[in-house]
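Close look at the chain arrangement
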Amino acid sequence: MMTRIKLYVAVLIGVSTALATSFAADAKTNSATTPPMRAGKYPAMPKLKKEDPKKTAEKKNDSRKPYGDEKPFADIVKDMDVIKGVFTFYHKAEDNKIYLEISTNQFDKTFLFSGSIEQAIGERGFYSAQMGGHFPFQFRLVGKNIQWVVLNSTFTAQKETPADRATRRSFPNSILASAKILSQPHPERKSFLVNLSDLILSDIPGLAPALTEAYRPSSYRFDKANSAITRVKAFTENAVLDVALHFVSDSPKTRSLAIPDERSVPMLVKYDFSNLRESDYKERFADDRVGHFLSLQQDFTSDRPSSPYVRRIHRWNLEKANPIAAVSEPKEPITFWLENTVPVEYRAWMKEGVLIWNQAFEKIGFKNAIVVKQQPDDADWDAADTRYNVIRWFAGVDASFAIGPSRANPYTGEIYDADIGFSEGIIRSIRRNGEEFISPIMPTTFDGTEQPSFPRLAWDQDGGHLCKLADGLAHQAAFGMNVLATRGTFTPEMEERMMREYIIHVTAHEVGHTLGLRHNFRASTLLNPDELLKDDVSEKRGQSGSVMDYNPIVIAGKDQKQGHFVPTTLGPYDFWAIEYAYKPFADNESDELKKIAARAAEPELAYSTDEDALGTYSAAALDPLVNQFDQSSDPIRYFENRIQIINELWESIEKKLVRDGEGYQILRRAVMRSLGEYYRGLLTASKFIGGLYHYRDHVGDKDGRSPFAPIPAAKQKEALEFMRQYCFSEEAFELSPELYNKLAPERLPGLDGLNGLFGAGRVDTPWHDSVLNLQRAVLARLHASATLARLQDNELRFKKGEPRFGMADMFLGLETAIWAELHHPISQISSLRRNLQREHLKTLSRISLRNYGVPEDATSLARASLSRILENVEVKLKDSKLSDTTTRAHLEETRARIKAALEAQIAKGVE
């Protein structure tokens, strides 16, 4: 035991000594070389002090023992190929050894790391051509080792102040890897050699735990023996490293559709080491009234400011070539390359989607701010190279999305790299006539898409972002094609028109992200429903306030002329957001930016983003105008038109959508897609009940509004009536028996073999479950604790004498709609209605028993509803016209359940 204790103490002392050495190095180098974080008082990117290399080497050598045991530098690199650039590498092809030379002036200097996944699995969030993590780093010389240190750029303070010393001590950097020095210092350059594999050949992205999570319960680990650095390219500004990583699982338990053998998972990543480029870039600070991505630091210089945070927006360093000209070409344009993998037929449309942003830049004085070039088929440069911004194309068995991430200097917010990824699935899913899931039951938490989320990787320190526009829009387009096909108007010309607008819109949206713009889920409120199909209006003002919304495919009514399917030009908000981020100012920039942001109350500039949507349909999402894939200033009316189109589709689909020789899965897929549209409309309408309009205006803004405003009582009643008619009525969700009997799935196996066919619980379409899941989601949102609490609070928001809509109005309205059969003569209650009534009864019972965490008023109202329903059931059971056996049994059970719930409430007592 004493031996173990001594060993444990010795290990602790060793670890503490190493950490102390590293942290001491952090404190020393942070003070001298880490760029400062505050604007105005300090330069955005100071130049590092340049010391005499000989003195630096002597200083380093003074603090260490001589390197007498190591071989001379020249002996180590003898007969190796030399690759010179921002770093110098030595490569020996025979044994694939790659050494890295680090010069004395590169120690403790800040560089940027950028990672990309070049080749992946092709499923479950692991796809090729994807941007990965990025962070600032330094190389540290500690004894006879070189550490690769990730810098902590989040916490800052003014240099050489007590706050600076406290901050550096409180928030350390991290050691990513360490490598032993291989040789004596170079006799002239005093530089050192390390084996590059010792530094970077590890699971830096964190793919092993991500694979384990994606393929749970399988467990994966990094396999270093079968991983290697396969290529190194070095340039003046940066170096690009190809790293083949291998992951293994001894006993995989989850089937993959994309890997030949689940025990072996290879991936190719590319790492970019680049200089922290010095420039005259001027940082610009965020305003919550306009939506930009930003870099966030917490500054501890002083506790006097109301907020400790410094928020710099992400933007490119765009400068006029002629500063005094009203309109000028930029010194250096923002250049996007179309990767040579992009299908030729889509390149012109993508280019058009990129270049529409020049409209916004020209308005603030930049001509041709963005240019597009085509990557040659024989190009020898890497799309992952941070010197190039590339629109890339990739494939995956479950990938149907596009994404537009960018990388920005964490100290200034300057964007220095952006790659846009398009999956071929966003096109295929529109035209798809192949496989589908056997049991397409609507989920109870529907967010507008079916795209799986990305796995969170260790290097994604900022969380990244996943854009679901392309996938959701692909489903919208497929629905639109089905409708037009049943009308006989879906000609080849119409198909090309829809595809062109689709690709232009998605490209413009993703480019907007790379310019620094966030989503704007309120922008679709720009036009009223009557204006949506008028091309002269949409082309002049924009069909939506912004291409950064999730704008749906707009389908004309049966007797209307089809206008633009999606916005193909920028909206007013887009011009405004670009103006805030990029307009140059000679002086008084802060005051001028405040003037721009102060226009937030203008209706055309409406803005709400991801945190305002909060999953779009969750009870926490309080504003009914902040949605994905809704449209117009009146979404209830928009979705009423949409549901009429759905009913039109259901009435004609079996006769007009399929042709001789085709499978019936086309009908099934079209119906389930349209049910998804139905669902979106009902959930959007439900947000008006107990909702609030939420604004981002600041005090003193022109025409400024209070942050919150209650939904007018008339609008809430309109929403309740909409749900009564389209969700809770006897006529809702009616399919003809002829159509229902034709909703069959694909009967040929897919990549999952026969599992999808033999493993299905049901091969026929479960319509009752699909409809009930939809209705259940609506009831759940209306009766959620947050919704009911807001309904109660909103009673205080209405002005004296103003019509009010309260909790009692909702309870009574739902009761009347769902139990309508109790109020007029019937012989039976349909099976779909019985399901709905049981679900409503369960909800009321839970609330009455205080199992919901709801306001006490809700408990009282639920009990009152149960009592009224019980009285009406008693009357109905005495009706001799009620002849259906199942209906009578249903009402008898209802009576028993209500009595049990009311008795249980009395027994439970007041809590």
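Given the structure is predicted, the values throughout are model-derived calculations rather than measurements.

1. Quick word on the overall build of the chain
- Along its length, the chain carries 26 helices and 23 strands.
- Of the roughly 40,000 Å² of accessible surface on the chain, 51% is carried by carbon and sulfur atoms.

2. What to know about a nonpolar patch on the surface
- On the surface, Leu-294, Leu-296 and Tyr-309 cluster together to form a nonpolar patch covering roughly 250 Å² of accessible area.
- On the secondary structure map, Leu-294 appears in strand β14 (residues 294–299).

3. A short note on the nonpolar core
- Residues Trp-357 and Phe-361 are the most contacted members of the largest nonpolar core, which totals 167 residues.
- In terms of residue count, the dominant contributor to this core is helix α17 (residues 665–686) (eleven residues).
- If we ignore the near neighbours within four places in the chain, the residues touching Phe-361 are Leu-318, Phe-366, Ala-369, Ile-370, Leu-515, Ile-578 and Tyr-582.
- The next biggest cluster of nonpolar side chains, apart from the first, holds 52 residues, and it includes Leu-196, Val-232, Ala-239 and Phe-247.

4. Here we look at the sheet that holds strand β9 (residues 192–195)
- Overall, antiparallel pairing links the four strands, which are arranged β1-β2-β3-β9 in an open sheet. Lying at the two open borders of the sheet, with one neighbouring strand each, are β1 (81–83) and β9. Put simply, the sheet's adjacent strands are angled 25° from each other on average, direction ignored.

5. Structural notes on a negative patch on the surface
- A surface patch of like charges, here negative, comprises Asp-79, Asp-81, Glu-94 and Asp-95.
- Inspection of the secondary structure puts Asp-95 in the loop between β2 (88–92) and β3 (97–102).

6. Regarding helix α18 (residues 713–726)
- Taking 1.5 Å per residue as the helical rise, α18 with its 14 residues ought to reach 20 Å, and the 20 Å between its terminal C-alpha atoms agrees with that figure.
- When α18 is considered as a whole, its buried residues turn out to be Ala-713, Lys-715, Gln-716, Ala-719, Leu-720, Phe-722, Met-723 and Tyr-726.
- Summarising the contacts, the buried residues of α18 are in contact with α16 (635–656), α17, β22 (692–694), α21 (767–782), α22 (785–794) and α23 (807–818).

7. Re the packing of aromatic side chains
- According to the stated counting rule, one finds 40 aromatic pairs in the structure shown.
- Between the aromatic rings of Trp-650 and Tyr-678, the centroid separation amounts to 6.0 Å while the plane-to-plane angle is 25°, which identifies the pairing as stacked. Highlighted residues: Trp-650 in helix α16 and Tyr-678 in helix α17, separated in sequence by 28 residues.
- Overall, Trp-650 belongs to the buried group, its relative accessible area being 5%.

8. Focus on the pattern of salt bridges
- Per the stated rule, a full pass over the model turns up 54 salt bridges.
- Between Lys-144 and Glu-70 there is a salt bridge, with its nearest N and O atoms 3.9 Å apart. In this pair, Lys-144 sits in the loop between β5 (130–142) and β6 (145–150) while Glu-70 sits in the loop between α2 (53–62) and α3 (73–77), placing the two residues 74 residues apart along the sequence.
- Here Arg-387 makes a salt bridge to Asp-385, at a shortest N to O gap of 2.7 Å.
- For Arg-387, a relative accessible area of 32% corresponds to the partly exposed category.

9. Describing the confidence of the model for the chain
- For the chain, the average pLDDT comes to 88, and 87% of its residues sit at 70 or higher.
- Between residues 433–452, whose pLDDT stays under 50, and residues either more than four places distant or in other chains, the model counts 69 contacts.

10. So, the packing of helix α7 (residues 344–355) against helix α11 (residues 492–514)
- Look at α7 against α11: their axes get within 7 Å of each other, and the N-to-C directions meet at 45°. In terms of orientation, α7 lies oblique with respect to α11. In this structure, α7 crosses over α11, and the sense of that crossing is right-handed. Within the contact between the two elements, α7 uses Tyr-346, Trp-349, Met-350, Glu-352, Gly-353 and Val-354 and α11 uses Glu-496, Met-499, Arg-500, Ile-503, Ile-504, Thr-507, Ala-508 and Val-511.

11. A word on the side chain of Ser-274
- By secondary structure assignment, the location of Ser-274 is in strand β13 (residues 264–275).
- Discounting chain neighbours no more than four positions away, the residues touching Ser-274 are Phe-111, Leu-112, Glu-237, Asn-238 and Thr-386.

12. Section: the sheet that holds strand β7 (residues 155–156)
- Strand order in the open sheet formed by three strands is β7-β14-β15, with mixed pairing between adjacent strands. Across the chains shown, the open sheet's two edge strands, defined by having one partner strand only, are β7 and β15 (309–313).
- Here five bridges tie β14 to β15, and the two strands are oriented antiparallel to one another. Residue pairing for β15: Gln-298 is matched across the bridge by Tyr-309.

13. Some remarks on the pairing of strand β16 (residues 334–338)
- Counting buried residues along β16, five of its five residues qualify, which places the element largely inside the surrounding structure.
- Burial along β16 is two-sided: the residues Ile-334, Phe-336 and Leu-338 and Thr-335 and Trp-337 are all buried.
- Pairing analysis gives five bridges linking β16 to strand β17 (residues 370–374), with the strands arranged parallel. In the strand pairing of β17, Trp-337 is matched with Lys-373.
- Bridge analysis of β16 against strand β18 (residues 389–394) gives three bridges, and the strand direction is parallel. Residue Leu-338 lies in a different strand from β18, and its bridge partner there is Ile-391.

14. Re the environment of Trp-819
- Tracing the chain through its elements places Trp-819 in the loop between α23 and α24 (831–848).
- Sequence separation between Trp-819 and Leu-836 is 17 residues, and the spatial gap between their C-alpha atoms is 9.3 Å.
- Residues within four places of Trp-819 in sequence aside, it is in contact with Arg-833, Gln-837, His-840, Leu-841, Ile-869, His-890 and Thr-894.

15. Here we look at helix α14 (residues 589–597)
- Along α14, the residues classified as buried are Leu-593, Ile-596 and Ala-597. For α14, the angular spread of buried residues about the axis comes to 90°, placing them on one side. Exposed residues lying more than 90 degrees from the buried face of α14 are Lys-594 and Lys-595.
- Against α13 (572–582) lie the buried residues of α14.

16. With respect to the packing of α13 against α14
- For the pair α13 and α14, interaxial distance at closest approach is 10 Å and the crossing angle is 170°. In terms of orientation, α13 and α14 fall into the roughly antiparallel class. For the pair α13 and α14, contact is made by Trp-576, Glu-579 and Tyr-580 and by Leu-593, Ile-596 and Ala-597, respectively.

17. So, the side chain of Thr-88
- Looking at the secondary structure, you find Thr-88 in strand β2.
- Here Thr-88 falls in the buried class, since its relative accessible area comes to 16%.

18. Some remarks on the environment of Pro-567
- You can see Pro-567 is positioned in the loop between α12 (535–541) and α13.
- By relative accessible area, Pro-567 is classed as buried at 3%.
- Residue contacts for Pro-567: discarding those within four places in its chain leaves His-505, Gln-543, Ser-544 and Asn-551.

Rules used throughout
Residues numbered from 1 in each chain as written. Predicted model: local features only at pLDDT ≥ 70, side-chain atom pairs only at ≥ 80, totals over all residues. Heavy atoms only, no water. Helix = DSSP H or I, 4+ residues; strand = E, 2+ residues; numbered from the N terminus. Areas by Shrake-Rupley, 256 points an atom, 1.4 Å probe, with all protein chains shown as cover. Patch = residues over 30% accessible without salt bridge, like charges linked within 9 Å, V, L, I, M, F, W, Y side chains within 5 Å. Salt bridge = Lys/Arg side-chain N within 4 Å of Asp/Glu carboxyl O. Core = buried A, V, L, I, M, F, W, Y, C linked by side-chain atoms within 4.5 Å. Buried < 20%, exposed > 50% of the residue type's maximum accessible area, 1.4 Å probe, protein only. Contact = heavy atoms within 4.5 Å. Pairing = 2+ DSSP bridges. Axes fitted to C-alpha atoms, helices over the stretch in contact; angles between N-to-C directions. Lys, Arg positive; Asp, Glu negative; His and termini not counted. Charge placed at Lys NZ, Arg CZ, Asp CG, Glu CD. Expected span 1.5 Å × (residues − 1). Phe/Tyr/Trp six-rings, centres within 6.5 Å; stacked < 30°, edge-to-face > 60°. pLDDT = per-residue confidence, 0-100. Parallel < 35°, antiparallel > 145°, perpendicular 65-115°, else oblique. Left-handed = near helix turned anticlockwise from the far one by under 90°. Arc of directions from axis to C-beta.

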